[in-house]
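Below are the chains, spelled out letter by letter.
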Amino acid sequence: MVLYFSGTGNTQYIAKLIADGLNDECLDLFDRIRSNDKSPLYSEKTYIICTPIYVCKMPLFLIKYLKSIRFKGNNKVYFVFTSGGYCGSAKIQAKIFSIRKKLKCLGCAEFVMPRNYVANNMYSMDDEDVIRFKISNSTKKVKQVVENIKNEKKLKTRHVWLFEILIITPFAPLWTKYKLVAKDFYSTNECIGCRICEKVCPLNNIKIVDGKPLWGKSCTHCMACISKCPKNAIEYGNITEGKKRYLLKDYVNDKAM
Ligand SMILES: Cc1cc2nc3c(=O)[nH]c(=O)nc-3n(C[C@H](O)[C@H](O)[C@H](O)COP(=O)(O)O)c2cc1C
Ligand code: SF4
Ligand code: SF4
């Protein structure tokens, strides 16, 4: 069973391609997370957990959710990461998670995909050529990963150095707590009250009040609201004005995206 969470489509795209290649079930965790559904999962086949990378790790809210559910049936798991290019210590996190859940980790695969983090001023967004190059490269890489998974081969990723772990371990949770927050989101006069932002938030953090979105306190900066607003009516402080939002579906022909 292929499981995924995706804010702007990159992880969904890779997860669906892998599931197609394996002829396996593909489950979007969005509804389960949003409704806090903690019923057990059951799969005869190996679990494949697909996730974006947030702040050099798998998103903390996702790990918290996955820790809270039971994985029944098969006890083997692969992890698939999509990132803008650096997965930090996610691989170590995956190993620790697997041990705690009594799952046998068969390795991780990393896919370099376009950067989606428009509400941040440390990294620029990728330009059009880079976006297309990354998607094309990752699409080609899926076949090789699928073959390895079919043959239950161990997946190998780059070595994570001790200094990376020492920096990321204290840094990531602090950054997540203090920086991945919704307080700077606001809607502009372009907002038509369509409620899409409210519906796409995995953490139920947006409510439409008097026809305009109001952001609550649980946000993970998944970029779904700001990137999926059909009117480009969401801004984040003074960081996002004039910046193009990224969505995978704008670059692939697949109608399912
Ligand atoms: C909050 C946040 C933090 C991110 N941190 C990293 C990072 O540490 N390294 C990296 O290479 N990309 C990082 N990215 C980029 C995403 O990992 C990448 O664009 C991913 O493919 C998005 O997947 P999605 O479209 O399925 O949501 C970050 C994106 C967000 C929104
Ligand atoms: S998605 Fe955009 S236009 Fe629709 S309610 Fe939200 S901010 Fe307004
Ligand atoms: S408020 Fe927006 S950025 Fe924050 S979790 Fe919800 S959809 Fe994602």
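Residues numbered from 1 in each chain as written. Chains lettered and ligands numbered in written order. Predicted model: local features only at pLDDT ≥ 70, side-chain atom pairs only at ≥ 80, totals over all residues. Heavy atoms only, no water.

Regarding the sheet that holds strand E7 (residues 104-112)
No. 1: Reading across the sheet, the 5 strands line up as E2-E1-E4-E6-E7 and stay open at both edges, with parallel pairing between neighbours. The two strands at the open ends of the sheet, each matched to only one other strand, are strand E2 (26-28) and E7. The mean inter-strand angle of the sheet, taken between neighbouring strand axes irrespective of direction, is 20°.
No. 2: As defined by bridge partners, strand E1 (residues 2-4) adjoins strand E4 (residues 47-52) across 3 bridges and the pair is classed as parallel. Bridge assignment links leucine 3 to a residue of E4, and that residue is isoleucine 49.
No. 3: Packing against the sheet, helix H5 (residues 128-150) makes contact with E4, strand E6 (76-83) and E7, and its axis sits at approximately 160° to E7. (Pairing = 2+ DSSP bridges. Helix = DSSP H or I, 4+ residues; strand = E, 2+ residues; numbered from the N terminus. Axes fitted to C-alpha atoms, helices over the stretch in contact; angles between N-to-C directions. Contact = heavy atoms within 4.5 Å.)

Let's talk about the nonpolar core
No. 1: By size, the foremost hydrophobic cluster in this structure holds 47 residues, and its most contacted members are Ile18, Ile48, Phe111, Ile135 and Phe185.
No. 2: Taken together, domain 1 (2-163) and domain 2 (180-250) each give at least three residues to this core, which thus spans both.
No. 3: If near-sequence neighbours (up to four positions away) are discounted, phenylalanine 185 is found in contact with Trp215, Cys219, His221, Met223, Cys225, Ile226, Ile234, Glu235 and Tyr236.
No. 4: Counting residues in hydrophobic clusters, the runner-up holds 36 residues, among them Phe5, Leu29, Ile33 and Leu62. (Core = buried A, V, L, I, M, F, W, Y, C linked by side-chain atoms within 4.5 Å. Buried < 20%, exposed > 50% of the residue type's maximum accessible area, 1.4 Å probe, protein only. Domains from an automatic or database assignment.)

Topic: the site of ligand 2
No. 1: Looking at ligand 2, the residues that line it are Cys191, Ile192, Gly193, Cys194, Arg195, Ile196, Cys197, Ile208, Pro213, Cys229, Pro230 and Ile234.
No. 2: Its residues assigned to classes, the shell around ligand 2 shows 10 nonpolar, 1 polar and 1 charged. (Near = heavy atom within 4 Å. Nonpolar A, V, L, I, M, F, W, Y, C, P; charged D, E, K, R; others polar.)

Some words on the domain arrangement of the protein
No. 1: Split by domain assignment, the protein resolves into domain 1 (2-163) and domain 2 (180-250).
No. 2: Between the C-alpha centres of domain 1 and domain 2 the distance comes to 24 Å.
No. 3: The interface is formed by 25 residues belonging to domain 1 together with 25 residues belonging to domain 2.
No. 4: For the domain 1 and domain 2 pair, buried surface summed over both sides reaches about 2100 Å², with 65% attributable to carbon and sulfur atoms.
No. 5: At the junction of domain 1 with domain 2, the criterion picks out 0 salt bridges.
No. 6: Tallied by class, residues from the side of domain 1 that touches domain 2 come to 15 nonpolar, 7 polar and 3 charged. (Buried area = accessible area lost by both parts, 1.4 Å probe. Salt bridge = Lys/Arg side-chain N within 4 Å of Asp/Glu carboxyl O.)

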